[in-house]
Amino acid sequence: MTEKRAHFATRLGAIATTVGSAVGLGNIWRFPYEAGVNGGGAFLLIDLFFVFVIGIPVVCAEFIIGRNTGLNIRGAFKKLAPGKSWALIGYMGILASILILSFYSVVAGWTLEYLRLSIVGFGAENSVDSFHSRFDTFATSDISPVICTLLFLFINYVIVIRGVQRGIEKMSNIMMPILFILLVVFCINSLMLPGASQGLSFLFNPDFSKVTPSVMIGAMGQAFFSLSLGLGCLITYSSYFKKDTPLLKTAGIMASIDTMVAILAGIIIFPAVFTFGMEPAAGPRLVFEILPSIFTQLPGSTIWSILFFFLLFLASLSSTISMSEISIAYLVDEFDMSRRKATTIIISIAMVLGVLCALSFGSLSVVTVFGLTFFNLFDYISSNILLPIGGMFISIFVGYVLDRRIVKKELSPKSSRRELTGMRLVILCLRYIAPICIAAVFLYSLGIF
Ligand code: PFF
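### Observations regarding the overall build of the chain
- The number of helices and strands found in the chain is 18 helices and zero strands.
- Its C-alpha atoms give the chain a radius of gyration of 21 Å, within 12% of the compact-globule value 22 Å for 449 residues.
- Counting only C-alpha atoms, the chain reaches 65 × 50 × 40 Å along its principal axes.
- Looking at the 449 residues of the chain, the share that counts as buried comes to 61%.
- Summing over all exposed atoms, the chain offers an accessible surface of approximately 16,800 Å²; the carbon and sulfur share of this is 69%.
- Side chains of the chain carry 31 positive and 23 negative charges; the gap between the two charge centres is 14 Å.

### Comments concerning the site of the ligand
- In the vicinity of the ligand lie 16 residues, with A22, G26, Y104, F225 and S228 positioned nearest.
- Within the backbone of A22, an N or O atom sits 2.8 Å from an oxygen atom of the ligand.
- Interatomic distance of 2.8 Å between a backbone N/O atom of F225 and a nitrogen atom of the ligand.
- In the complex, 100% of the free accessible area of the ligand, which totals 340 Å², lies under the protein chains.
- Taking a 2 Å distance to the grid points as the criterion, the majority of the atoms of the ligand fall inside the largest cavity.
- Those elements that provide at least two residues to the shell around the ligand are α1 (11–22), α2 (25–37), α10 (213–226) and α14 (301–335).
- At four residues, α14 tops the list of elements feeding residues into the shell around the ligand.

### As for the pattern of salt bridges
- Here the structure, examined in full by the defined rule, presents 11 salt bridges.
- Residue D136 pairs with R285 through a salt bridge whose shortest N-O separation is 2.9 Å. In this pair, D136 is assigned in helix α6 (residues 128–140) and R285 in the loop between α12 (247–275) and α13 (286–297), connecting sequence segments 149 residues apart.
- Two residues, R285 and E289, come together in a salt bridge whose shortest N-O distance is 2.5 Å. Both residues of the pair, R285 and E289, count as buried.
- Each member of the salt-bridge network shares a partner with another, and the members are R30, E34 and D379.

### Section: the confidence of the model for the chain
- Scored by pLDDT, the chain comes out at a mean of 92, with 96% of its residues at no less than 70.
- Per-residue pLDDT, averaged within each element of the chain, yields its smallest value for helix α8 (residues 164–191) (80) and its largest for helix α9 (residues 196–204) (98).

### What to know about the packing of aromatic side chains
- Per the counting criterion, the structure on display carries 36 aromatic pairs.
- Between the aromatic rings of Y114 and F288, the centroid separation amounts to 5.2 Å while the plane-to-plane angle is 70 degrees, which identifies the pairing as edge-to-face. Pair noted here: Y114 is in helix α5 (residues 87–120) and F288 is in helix α13, with a separation of 174 residues, a long-range link. Of the two residues, Y114 and F288, neither departs from the other in class, the shared state being buried.
- Taken together, a centroid distance of 5.8 Å and an interplanar angle of 55 degrees make the contact between F202 and F274 tilted. On the criterion of sequence distance, the pair formed by F202 in helix α9 and F274 in helix α12 is long-range, its members being 72 residues apart.
- Of the residues examined, F202 reaches a relative accessible area of 13% and is grouped as buried.
- Look at F274 and you get partly exposed, because its relative accessible area is 22%.

### Details of the environment of P388
- The topology assignment puts P388 in helix α16 (residues 374–401).
- A C-alpha to C-alpha distance of 21 Å links P388 and G75, two positions 313 residues apart in sequence.
- Setting aside anything within four residues of it in sequence, one finds P388 in contact with M220, F224, S382, S383, I438 and F442.

### Quick look at the packing of α12 against α13
- With their axes 10 Å apart at the nearest point, α12 and α13 run at an angle of 80 degrees to one another. Here α12 lies roughly perpendicular to α13, going by the angle between them. Contacts between α12 and α13 pair I268, I269, A272 and V273 from the former with L286, V287, I290, L291 and I294 from the latter.
- Across the contact of α12 with α13, the residue classes break down as nine nonpolar, no polar and no charged.

### A look at unusual backbone geometry
- The phi dihedral of S228 is positive, around 55 degrees, even though this residue is not glycine.
- With respect to the secondary-structure elements, S228 resides in the loop between α10 and α11 (233–238).
- The backbone of F370 sits at a positive phi, close to 50 degrees, despite the residue not being glycine.
- The topology assignment puts F370 in the loop between α15 (339–358) and α16.
- Residue F370 is classed as exposed on the basis of its relative accessible area of 76%.

Procedures and definitions
Residues numbered from 1 in each chain as written. Predicted model: local features only at pLDDT ≥ 70, side-chain atom pairs only at ≥ 80, totals over all residues. Heavy atoms only, no water. Helix = DSSP H or I, 4+ residues; strand = E, 2+ residues; numbered from the N terminus. Rg over C-alpha atoms; globule rule 2.2 N^0.38 Å. Buried < 20%, exposed > 50% of the residue type's maximum accessible area, 1.4 Å probe, protein only. Areas by Shrake-Rupley, 256 points an atom, 1.4 Å probe, with all protein chains shown as cover. Lys, Arg positive; Asp, Glu negative; His and termini not counted. Charge placed at Lys NZ, Arg CZ, Asp CG, Glu CD. Near = heavy atom within 4 Å. Polar contact = N/O pair within 3.5 Å; in protein donor to acceptor, adjacent residues only side chain to side chain. 1 Å grid on protein atoms, 1.4 Å probe; cavity = no way out; pocket = protein on both sides within 12 Å on 5 of 7 lines; lining within 4 Å. Sits in = over half its atoms within 2 Å of the grid points. Salt bridge = Lys/Arg side-chain N within 4 Å of Asp/Glu carboxyl O. pLDDT = per-residue confidence, 0-100. Phe/Tyr/Trp six-rings, centres within 6.5 Å; stacked < 30°, edge-to-face > 60°. Contact = heavy atoms within 4.5 Å. Axes fitted to C-alpha atoms, helices over the stretch in contact; angles between N-to-C directions. Parallel < 35°, antiparallel > 145°, perpendicular 65-115°, else oblique. Nonpolar A, V, L, I, M, F, W, Y, C, P; charged D, E, K, R; others polar.

Below is the structure:
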């Protein structure tokens, strides 16, 4: 099967595409909303710990598995540990990727609606209240959010069907830097708002009295979600890496850019939250109410707004393309299915589940499981449970089970002193720190300590 695989044309392409997967709604929509709900500074600090201490080594673990086997998540475990139950991690990852694709497409659909509104105009009223009620009217209706979700998934379908290299790589290379520049501009604007110091203090001053089990679980889930980690996305993508792509360096660059974008989003959002007298804990709607309010303050607001929602839509697309790839690569590799058929199956499932999530703010808002709507349930199960558990098993697999020669070949091919030190640190984390910390957060949140 390996010879069927395409490769990213350049090393920069490999990095840009992995960053393209990582940077998306997770940074710009989910991070501010979760930080807002979970008390700000302390959440950020725990998130940073999970990204840099646990995340980077686990990203490396996925890269090692993916590049070494050149296979999808399930095939990779089957090849490296034949006949063992490790391949179950693969099924978990595939399930998580479909759940995420479903609720993520709803929010990506919102960006499409906001792009449309930016073009036709948000209307005469520009107060924060008017943006609040506009979001309400839109999200609670049963038609527009469903259409937007399906439209987004259809666009995703058309791009994914074209295959890895052409579609994804070119788009990521152009799009990421522009989005970044735009965020920096908005950031400067937010820093000049009257509520800037309050906003920054909310985001950067950790108040440890606010740390509860749910904050810990939330911050861990956010780190995994934002890095696209624990569900085999990075196994699948690195199966397209060339042999000379440096894995640890790529993981470090990806995690740093990803975190920078999330922090920029926080610096944009929270000063505005305090300036406009909004609640930081407004939930999923936060960004969609705050950003239009920010744009109206800028000269040439229409252009900023169009540009921003267009780029956010593209950033979402490069992320959903990567999650779709997990299950599509599985069907193509394991069942010898055509790419077209595999894509059609996966996107159809996501469309059905996506509609349930889209209606979670409208007529299905009363339908709850464990007190959560479909939208929140899919998010909670995948981000806060499946991804960290997946990450824990991936660490244990590479730390204890995988032949050390494979780890060495992938992480330190030249055996330079720097490479060897990096490899030792990664192994230390995979064997002890990552599994213990992830298990500890779960035990803590179950009330065991
Ligand atoms: N990391 C993406 C984001 O932050 O928007 C979301 C994501 C992409 C999660 C791909 C999982 C995945 F496999």
